[in-house]
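An overview of the molecular structure
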Amino acid sequence: MSVETDPATPLWQDPAQDAETRVEALIAEMTVEEKVAQLFGVWVGASREGGEVAPHQHEMDDAIDLDVLLPNGLGQLTRPFGTAPVDPAVGALSLLRTQQRITGANRFAIPALAHEECLAGFATWGATAYPVPLSWGATFDPALVRQMAGAIGGDMRSVGVHQGLAPVLDVVRDARWGRVEETIGEDPYLVGTIATAYIQGLESAGIIATLKHFAGYSASVAGRNLAPVAMGPRERADVILVPFEMAVRESGVRSVMHAYTDTDGMPAVADEWLLTTLLRDTWGFEGTVVADYFGIAFLKTLHGMAGDWAEAAGAALAAGVDVELPTVKTFGRPLVEAIAAGRVPEALIDRALRRVLVQKARLGLLDPGWNPVPPGLAGADLSDAEALRGSIDLDSPANRDIARRIAEQAIVLLGNDGTLPLRRPERIAVIGPNADDPLAVLGCYSFPLHVLVHHPDVPTGIGLPTLREALAAEFPGAEIVTAPGATVDGPDTGGFAEAVELARGADVVVAALGDRAGLFGRGTSGEGCDAESAALPGVQQQLLDALIATGRPVVTTLLAGRPYALGGAVEGAAAIVQSFFPGQEGTSAIAGVLSGRINPSGRLPVSIPRRPGVHPSTYLSARLAHATEVSNIDPTPAFGFGHGLSYTAFEWSDLSGDGARIGTDGEVTLEFTVRNAGDREGTEVVQLYLHDPVATVVQPVQRLIGYARVPLAPGEASRVRVTVPADLASFTGRQGRRIVEPGELELRLAASSTDPRLVAAVTLTGPVREVDHTRHLHATFTVAEPGA
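The rules we used
Residues numbered from 1 in each chain as written. Predicted model: local features only at pLDDT ≥ 70, side-chain atom pairs only at ≥ 80, totals over all residues. Heavy atoms only, no water. Helix = DSSP H or I, 4+ residues; strand = E, 2+ residues; numbered from the N terminus. Expected span 1.5 Å × (residues − 1). Buried < 20%, exposed > 50% of the residue type's maximum accessible area, 1.4 Å probe, protein only. Polar contact = N/O pair within 3.5 Å; in protein donor to acceptor, adjacent residues only side chain to side chain. Pairing = 2+ DSSP bridges. Contact = heavy atoms within 4.5 Å. Axes fitted to C-alpha atoms, helices over the stretch in contact; angles between N-to-C directions. Core = buried A, V, L, I, M, F, W, Y, C linked by side-chain atoms within 4.5 Å. Phe/Tyr/Trp six-rings, centres within 6.5 Å; stacked < 30°, edge-to-face > 60°.

**Details of helix H7 (residues 188–204)**
For H7, with 17 residues, the first-to-last C-alpha span of 24 Å sits near the 24 Å given by 1.5 Å per residue. Burial within H7 is extensive, with 15 of its 17 residues counted as buried. The opening residue of H7, the one whose side-chain oxygen lies 2.8 Å from the backbone nitrogen of Tyr-189, is Asp-187. Immediately beyond the C-terminal end of H7, within one or two residues, lies Gly-206, with a positive phi of roughly 90 degrees.

**Points about the sheet that holds strand S1 (residues 41–45)**
Reading across the sheet, the eight strands line up as S2-S1-S3-S4-S5-S6-S7-S10 and stay open at both edges, with mixed pairing between neighbours. At either end of the open sheet lies a strand with only one pairing partner, and these are strand S2 (54–55) and strand S10 (288–290). Sheet strands touched by helix H13 (residues 346–362): strand S4 (113–116), strand S6 (208–214) and S10. Its angle to S10, the strand with the most contacts, is close to 110 degrees.

**With respect to the nonpolar core**
Residues Tyr-198 and Phe-214 are the most contacted members of the largest nonpolar core, which totals 228 residues. Setting aside its immediate chain neighbours within four residues, Tyr-198 contacts Cys-118, Trp-136, Val-145, Met-148, Ala-149, Ile-152, Ala-166 and Pro-167.

**Comments concerning helix H11 (residues 309–319)**
Buried within H11 we find Ala-310, Ala-312, Ala-313, Gly-314, Ala-316, Leu-317 and Ala-319. Structurally, H11 contributes buried residues whose contacts are with helix H9 (272–282), helix H10 (298–301), helix H12 (333–340) and H13. A distance of 3.3 Å separates the backbone nitrogen of Ala-310 from a side-chain oxygen at the start of H11, and that oxygen is part of Asp-308. Gly-320 sits one or two residues past H11 and shows a positive phi near 130 degrees.

**What about the packing of aromatic side chains?**
On inspection of all chains with the given rule, the structure shows 15 aromatic pairs. Judged by centre distance (6.0 Å) and plane angle (75 degrees), the ring pair of Tyr-189 and Tyr-707 falls under edge-to-face. In this pair, Tyr-189 sits in helix H7 while Tyr-707 sits in strand S21 (residues 703–712), placing the two residues 518 residues apart along the sequence. For Tyr-189, a relative accessible area of 11% puts it in the buried group. According to the relative accessible area criterion, Tyr-707 is buried, its value standing at 11%. Ring centres of Tyr-217 and Tyr-260 lie 5.9 Å apart, and the angle between their planes is 85 degrees; this geometry places the pair in the edge-to-face category. Highlighted residues: Tyr-217 in the loop between S6 and helix H8 (233–250) and Tyr-260 in the loop between strand S7 (255–258) and strand S8 (262–263), separated in sequence by 43 residues.

**Observations regarding the sheet that holds strand S27 (residues 769–770)**
Read across the open sheet, the three strands follow the order S23-S24-S27; overall the sheet is antiparallel. Two strands close off the open sheet at either side, each with one partner strand: strand S23 (731–732) and S27. Of the pairings in the sheet, the one linking S23 to strand S24 (residues 738–740) comprises two bridges and is antiparallel in character. What sits directly across from Phe-731, in S24, is Ile-739.

Written out as C-alpha cells, the structure is:
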C-alpha cells in the first residue's frame, strides 16, 4: 500500500514512511564520505560554561578537527557528560548546542547519537551512584533491577543522551579478573535474568541498551584483563552465550558491543560467525554492533591480524561491526581510501549504515521537526547557562530510595554465631582501611572514581557517608572509635598496634576490609586491576587475624569488588557481612544489617573461596573440578554460590511431583511449602538446580535453572509451585547441537548451591530431541499468598 507524501519533503525525511524506506532513500543520496561519517564517534567533553563540546584527546587518538569532520556528518558523540565534571543542566545545554552545530554543518541535518556509561548509574557528575552489578546479582530480584534501570534511563534521556553502554553479561569464570565487580555473577541463568531486566528498564525509558562484552571476555587466561580465551565451543555455548541469547530474545535490546579478547585465535571483533551468523542470522538481532573502545584498532596493534588501519576496518565491517568507538581511527580516512581502492566493498559500508540510520530514524533523529532540546531543558531559558545551573537533579529522593532498596537486598550475611544483630553495644571499634573512606562503596565505573580522580578540586556531587558515619547514625548511644590499621593494598603493618588496642577496649569490632576500585592498576578491583590470588589485598588478612586474636567479637565487613578467601575468619569471626560496592546508600544498609533494622536477604552471586590460590572457584563446574581423591588441592568453597543467612529460619516441606515421568518435550510441576519458622519477617530465596547424573558429554554437577524470592511474616507459609520444561535440561551434545536426552534427572530445590532442601527425581522419556534458540528458557514459579 502506498503512502501519500508531500512532494516537497524528501522521502527519507517523511515520518509517514517506514524507517527502512526512508533509510534506503537517504543512502541513495549520500557520498562515501557521508556514509562513513555515520559509522564512527568522536570522544568529547561537555563545556562547563554551556558552550559546544570539545574533543577529548587520548593516547590512542589522532588529533580531531571538528570543522573538518562535521560537514560530512557524525555518527556518535562519546561521553559528553562522562569525560569531565559538568553541571547536568549546563552539560545538557552544551550537548544541545553541539547537536545544533552538527545538524547545521551536514547537508542532511542528521544529529549525532550521544552515548554514556551507565554500569552502576548514569556515570556523570551529581548522578546517583547505585550498587555495582555484582550487587544486582546478590538481590536475586529482577523486578527491582528493572526499576533501577528505568530511573537511570530517565535521567540519561532528560539531558539528551540516547545510548547506554550497559549491562555487562560476562559470566565470571575466574574471580581474579579485575572486572568481576562489573559482572552479575558466575551463573549464566542469574546473569541472563538480571541483565534482561536491566535492559528492559533502560529501553523503557527510551535509551538504547548495549550488551557487552560479546563474547568470552570474562574467561581470559589466568583472569588477566584482555588475555586470550582458551575455552572450547561447548563451554562457550552452554555458559558464555546463554545470557546474551536470553537478552536478545526477551529484552528488546538494540545494541551489542564486541569483546576485546580472542577465543582460540579469533578476536571477537573479526568473528563473522559470532557477530553475524549467530547474533543476526540465528538469534534475529536487528540492532547495531558497536566496537569496544579502540577494539578495531587492536586488530593491528594487539592481535596482529591487520597490517594497517584499513585492513582492520575491513575485517571488522565484514564480521558485522557497524560503529567504531570511541573516536574516529580506522573508520575515517583509511576506510574511505580503502573503498576507493577497492580493498573494502562499499556494500559493507551500506550494510552498517543501514542499521545505524534505521536506529536514528526510529529515535526520531531523521524527522524534519527534530528538536535538540532534551526533556530536562524543556521550557527553560537557554540564553543563560548560569541560570540553568542546578535545575536538573540526577540524584533525586526517588533515585536514592531505589539505590537504598537494592543495597539493602544485596547485603549477604555469610556467617553469624549469634553476635548479630548487635544489642546496644556501648563501644564499637571500626577498624580497617574502609572504615572511614567515602569512596569505598563505589566501583571503578562510578563517576567519582572514573573521572573525578583527575579533578581533585571538584566535590563528589553526591552524599557518600562512610561506614563509621553510618554506624554512628545507626547506634547513636554508642561510642565509635576507629583506626585504619593499614591501607587497602600497602605492606605497612605499623598501624596494627593502635588498631588492636582499640579493638581490645571495644564491645564489638567491625573490621572494614575489601577493595579500592580503580582503573589499570590504580586500584585492587576494576578494569585492568587483576589479582594474583584471592587473598585480601595488602596486609588486610594479617590485620583481620590480629583483630580476631584479641578475643573480642569481630564482625568482618567487606566492601569489595570480588570474592576473597578469608582464612581463619571463616570460623574465627563472630560474623561475616559481604557487600559488593553497594553504592551511596550502601553503608547505611550495612549498618542496618548489623543493628537488625534490616533482615538480610542477599545471596551470593559468586562463590567465596576457602583458599586464596585455588582457581577457578565457580560452582558451575564438572565433577573433576570438585574435590577428588587424586589431587591434594580441595577447591570446595568456604561459602557456595547462592548462600546467604537470615535472622529468621525457614522450613521447607511437603514436596509433590517427585518421581514424575515426562517426555523430552514435556514439563513437570513441583509444589512445596516454605514456612517462616522464626520470630521476625524475612525473605527466603528459593533456588532450583538441575543435576544430570548421566549424559553423553560431561555436565556440570548442577546448574541454576530458576529462582524466586518468597517474603514471609513470622509463622506464615506459602505454597510454591514451579513448572519446569524439559528444555531446561538441554545442553550442547557431541555434534555441536543443543539436545534434550532421555534419562534420570534431579531437580534440587535449595537455599543455595550447597544447601539442597528438597530433591525431586524426574525421568525424561522418549527420543533425543534437538532444540534451538526458540526453546523454553525459564521455569515458571507461582508463589501463593502466605497463610498461617
